[in-house]
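Okay, here's what each chain looks like letter by letter:
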Amino acid sequence: MKTSRITRALILFICANIVTIFTVSSIAFGAEKKESIKVWGNCGMCKKTIEKSLNSVEGIKSASWNKQSKILEVQFDDSKISIKQIEEKVAGSGYDTQNVKGDDKAYKNLHECCQYDRKKS
Ligand SMILES: [Cu+2]
C-alpha cells in the first residue's frame with residue numbers, strides 16, 4: 001500500500017514536470033506569437049472575409065478582427081508563417097493592411113457595403 005502511494009505521487013510529480021517543461025519551452029522558443037495588425041474594413045461581413053482569409057492557413061492559431069478598432073489580432077507560429085505573409089493573405093481577399101495593399105480585383109468583388117474607403121497610398 002505504501003509503495004503504491006509513493007508511486008502515484010511520483011507519477012503525479014513527473015506529469016506536473018512534463019507540463020511545466022512544455023509550457024516553458026513553447027515560450028522560450030517563441031513558437032506561438034500574438035500580433036495586432038491594422039486592417040481596413042467596414043462591417044461584420046468584412047470581419048468574416050478577413051478572418052476567413054486566414055482560416056485554414058498553416059501556422060495560424062487564431063484570427064479575430066475588430067470592426068471598431070480595425071485591428072486584427074492574430075496568434076500564429078512564427079516558424080511557419082511571418083507577419084508579412086499573414087498581411088499578404090489578408091490583402092489577397094481585398095483588404096488593405098498596414099503594410100500591404102489589398103488586391104484590387106478582390107476589392108472590386110467585395111459587397112458594395114464592404115468597399116471601405118481605401119487608405120491613401
Ligand atoms: Cu463589410
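What comes next is a walk through the structure.

1. Overview of the sheet that holds strand β3 (residues 71–77)
Argument step 1. Pairing within the open sheet is antiparallel, and its three strands lie in the order β1-β3-β2. Sheet topology places β1 (32–38) and β2 (60–66) at the edges, where each strand pairs with a single neighbour. Looking at each pair of strands side by side, their axes are set apart by 15 degrees on average, direction ignored.
Argument step 2. As judged from the seven bridges shared by β1 and β3, these two strands associate in the antiparallel manner. For K34, the partnering residue across the bridge sits in β3 and is Q75.

2. Thoughts on unusual backbone geometry
Argument step 1. The backbone of K70 sits at a positive phi, close to 60 degrees, despite the residue not being glycine.
Argument step 2. By the element assignment, K70 lies in the loop between β2 and β3.

The rules behind these values
Residues numbered from 1 in each chain as written. Predicted model: local features only at pLDDT ≥ 70, side-chain atom pairs only at ≥ 80, totals over all residues. Pairing = 2+ DSSP bridges. Helix = DSSP H or I, 4+ residues; strand = E, 2+ residues; numbered from the N terminus. Axes fitted to C-alpha atoms, helices over the stretch in contact; angles between N-to-C directions.

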